[in-house]
Amino acid sequence: MSSYDLIVIGSGPGGYVAASTAGSFGLKVACVEKSKPLGGTCLNIGCIPSKALLVSSEHYHFAKERFAAHGIVAKDISLDLPAMMKRKSDVVTQLNKGVEFLFKKNKVDRYEGTGSLTSANTVEVTDANGKKTVLEGKNILLATGSVSVELPFLKFDGDRIVSSTEALSFDKVPKSLLVVGAGAIGLELGSVWSRLGAEVTVVEFLPNIATGFDQDVASNLQRVLERQGIKFYLNTKVTAAKTGKNSVTLTATQDGKELSLEAEKVLVAVGRKPYTEGLGLEKAGVKLSDKGRVVVNNTWQTSVPNIYAIGDIIDGPMLAHKAEAEAVAVVERIVGKAGQVNYNVIPGVIYTSPEAAVVGLTEKQAKDQGIEIKVGKYNFMANGRALANDAKDGFVKIITNAKTDRVLGAHILGHNASELIAECALLQEFSGSAEDLARTIHAHPTLAEVTKEAAHAASSGH
Ligand code: FAD
Ligand code: NAI
């Protein structure tokens with residue numbers, strides 16, 4: 001039996017980062033992954049392929065809708081979907097190789113198969129042919145991620161009723177697409193297929209899209225997406241579905257009224273749930289919360305002290321960068337260092353056009369905590385670079401503690417919001433003030449000047 005200092009189960013952003021970090025510290029490490037490619041949900045069927053399609057579809061849409069305004073004459077712009085999909089797959093494959101390289105560099109042993117705990121120190125790996133290998137580990141890290149939530153009356157059939165995985169690989173543009181859930185997946189993949197020509201309708205049971213984001217950001221994002229042709233039914237609950245030969249019909253209720261919505265395909269994007277099936281948690285004595293998440297303490301130890309867990313299977317936002325931060329910190333703990341994660345400063349982004357980004361508290365959260373706040377806001381419309389870039393939608397909003405000027409939250413709706421939010425996160429990590437940001441010289445002309453102006457508005461009050 002091979003023995004390791006650390007056995008990691010799962011090779012997503014949690015697992016592969018932990019395994020290679022542990023290897024770089026000189027630990028003897030194994031990583032068990034049931035899928036052939038390394039990289040987990042994020043790299044193979046999540047963050048990366050969705051961003052590849054988002055950028056390609058945005059280029060296509062921009063070429064069709066905006067080239068003329070830029071004085072570019074391009075006739076007969078048309079879509080080669082197989083080529084777009086191939087580029088997406090090439091990006092994924094290149095990154096798969098990157099993870100393989102990291103494993104080699106940091107001497108991580110890769111085991112291809114499903115890992116299952118057989119005790120607090122042993123993992124049984126079953127490969128695709130049923131062959132079993134038992135590994136012994138001083139420490140074990142669970143990083144098995146999450147899977148899409150299925151609605152009981154809207155079960156995935158891989159063709160008409162699909163999850164994000166299939167919606168990243170349609171072989172032709174559906175004439176119409178119904179999206180259930182106006183969260184990150186629904187809005188991103190809804191945007192992709194709308195830009196490529198599908199008639200997209202999003203059904204959401206809450207009164208707002210993009211729950212968890214600033215109210216202003218969410219309502220303005222909805223307005224822009226509507227302008228792009230996406231239709232929204234909010235406060236709407238889907239109650240039943242009927243699959244026909246060429247379409248699916250959903251029954252939904254909105255304000256007590258019954259609606260019937262029909263489309264060629266339905267994307268169900270109502271959240272993800274932790275994946276711990278077949279992991280043998282009960283054999284090792286690892287406890288789950290009533291929400292099905294693995295319970296950990298503040299050093300990511302489960303109820304069994306030498307078994308740790310990180311990423312989507314534990315509490316917190318299901319985000320790749322959160323899993324990565326936990327991966328580094330948990331390995332630091334295992335080698336006796338003081339790894340930590342600041343859960344108050346985890347940025348969140350929805351990669352629509354414009355993008356929505358958040359870090360820290362919303363106005364409502366700050367008020368609910370009894371904090372007296374100031375809010376500074378500045379629009380991209382008033383920024384030279386935004387106008388030059390043809391990217392004038394949106395704004396930056398900075399929330400500060402009214403007494404101390406400390407920045408508590410930042411909310412951005414705008415092009416490149418995903419990049420702009422990083423400086424707000426850094427500022428919050430350093431407990432910085434709005435004045436710090438307002439007095440930092442930003443290059444001109446840049447979109448980041450809008451962040452600076454919003455900070456100036458918050459700190460100066462004008
Ligand atoms: P995962 O990435 O889910 O990896 C878990 C791995 O464990 C998988 O490879 C699985 O095969 C393996 N596994 C499971 N059980 C076993 C077992 N018993 N034995 C062996 N292997 C096992 N997040 C962002 O931050 N930004 C984004 O832009 C973003 N976009 C997304 C888009 C989509 C369409 C989706 C679905 C998700 C997106 N996410 C995004 C979320 C992100 O993918 C997850 O938060 C992240 O992948 C979680 O990392 P993880 O390491 O916890 O688990
Ligand atoms: P989500 O939790 O972001 O959104 C799901 C939405 O569906 C919510 O608005 C919810 O109110 C709605 N909903 C739930 N049940 C419903 C029903 N029966 N009818 C109508 N609406 C219903 O989940 P999503 O979009 O599936 O994403 C899953 C996870 O993946 C999220 O945790 C997200 O963080 C992560 N992700 C992150 C991305 C990013 O960071 N850009 C991109 C894609 C996914």
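Residues numbered from 1 in each chain as written. Chains lettered and ligands numbered in written order. Predicted model: local features only at pLDDT ≥ 70, side-chain atom pairs only at ≥ 80, totals over all residues. Heavy atoms only, no water.

Sorry if this is basic, but what is going on with the nonpolar core here?
Buried together is how nonpolar side chains tend to be arranged in soluble globular proteins. Among the nonpolar cores identified, the biggest contains 49 residues, and L117, L142 and V286 are the most heavily contacted of them. Ignoring sequence-local partners within four residues, the contact set of L142 consists of I9, L117, L279, L281, V286, I307, Y308, A309, I310 and I313. L81, V179, V200 and L225 belong to the second-largest nonpolar core, a separate cluster that totals 38 residues. (Core = buried A, V, L, I, M, F, W, Y, C linked by side-chain atoms within 4.5 Å. Buried < 20%, exposed > 50% of the residue type's maximum accessible area, 1.4 Å probe, protein only. Contact = heavy atoms within 4.5 Å.)

Please explain the pattern of salt bridges as it appears in this structure.
Pairs may arise between side chains of opposite charge once their charged atoms sit close together. Taken as a whole and judged by the stated rule, the model has 18 salt bridges. The shortest N-O distance in the salt bridge between E188 and K51 comes to 2.8 Å. You can see E188 sitting in helix α6 (residues 184–195) and its partner K51 sitting in helix α3 (residues 47–66), a full 137 residues away along the chain. A residue is classified by how much of its surface remains accessible, and K51, at 25% relative accessible area, is partly exposed. For D216, the salt bridge goes to K377, with nearest N and O atoms at 3.0 Å. Of this pair, D216 sits in helix α7 (residues 215–227) while K377 is found in strand β20 (residues 373–379), placing the two residues 161 residues apart along the sequence. K377 gets classed as partly exposed once you look at its relative accessible area, which sits at 37%. Sharing partners across several salt bridges, the network here consists of D214, D216, E363, K377 and K397. (Salt bridge = Lys/Arg side-chain N within 4 Å of Asp/Glu carboxyl O. Helix = DSSP H or I, 4+ residues; strand = E, 2+ residues; numbered from the N terminus.)

What should I look at first to understand the sheet that holds strand β8 (residues 161–162) in this one?
Sheet strands line up and pair through hydrogen bonds in the backbone, either parallel or antiparallel. Overall, parallel pairing links the five strands, which are arranged β8-β15-β9-β10-β11 in an open sheet. Both edges of this open sheet fall to β8 and β11 (231–233), since each of them pairs with a single strand only. Where strand β9 (residues 176–180) and strand β15 (residues 265–268) come together, four bridges link them in parallel fashion. What sits directly across from V180, in β15, is V268. (Pairing = 2+ DSSP bridges.)

Just to check I follow, could you spell out the side chain of T362 for this structure?
Mapped onto the elements of the fold, T362 is located in the loop between β19 (355–360) and α10 (363–368). You can call T362 buried: its relative accessible area is 11%. Beyond its immediate stretch of four places on either side in the chain, T362 contacts G212, F213, D214 and H411.

Please clarify how α6 should be interpreted in this entry.
Note on helix geometry: an α-helix contains 3.6 residues per turn, so any two residues three or four positions apart are oriented the same way. The first and last C-alpha atoms of α6 sit 17 Å apart over twelve residues, in line with the 16 Å expected at 1.5 Å per residue. Burial within α6 is extensive, with ten of its twelve residues counted as buried. The set of residues buried in α6 consists of G186, L187, E188, L189, G190, S191, V192, W193, S194 and R195. (Expected span 1.5 Å × (residues − 1).)

Hey, could you run me through the site of ligand 1 in this one?
Contacts to ligand 1 come from 39 residues, most closely from E33, T41, K51, G115 and A320. Here E33 contributes a side-chain N or O atom positioned 2.7 Å from an oxygen atom of ligand 1. The backbone of C47 places a nitrogen or oxygen atom 3.4 Å from a nitrogen atom of ligand 1. In isolation ligand 1 exposes 1,000 Å². Once the protein is present, 94% of that is buried. If you list the elements that add at least two residues to the shell around ligand 1, you get β2 (29–33), α2 (40–45), α3, β4 (114–117) and α9 (320–334). The element best represented in the shell around ligand 1 is α2, accounting for four residues. Here the residues of the shell around ligand 1 sort into 15 nonpolar, 19 polar and five charged. (Near = heavy atom within 4 Å. Polar contact = N/O pair within 3.5 Å; in protein donor to acceptor, adjacent residues only side chain to side chain. Areas by Shrake-Rupley, 256 points an atom, 1.4 Å probe, with all protein chains shown as cover. Nonpolar A, V, L, I, M, F, W, Y, C, P; charged D, E, K, R; others polar.)

Just to check I follow, could you spell out α7 for this structure?
Between the first and last C-alpha of α7 there are 19 Å, a value that for 13 residues agrees with the 18 Å anticipated at 1.5 Å per step. Those residues of α7 that fall on the buried side of the exposure criterion are V217, A218, L221, Q222, V224 and L225. Looking straight down α7, one finds its buried side chains confined to an arc of 170 degrees; they lie on one side. Seen from the open side of α7, the exposed residues pointing more than 90 degrees away from its buried face are R223 and R227. Its buried side turned inward, α7 meets α6, β11, β19, β21 (395–401) and β22 (407–414). At the C-terminal side of α7, G229 shows a positive phi close to 110 degrees. (Arc of directions from axis to C-beta.)

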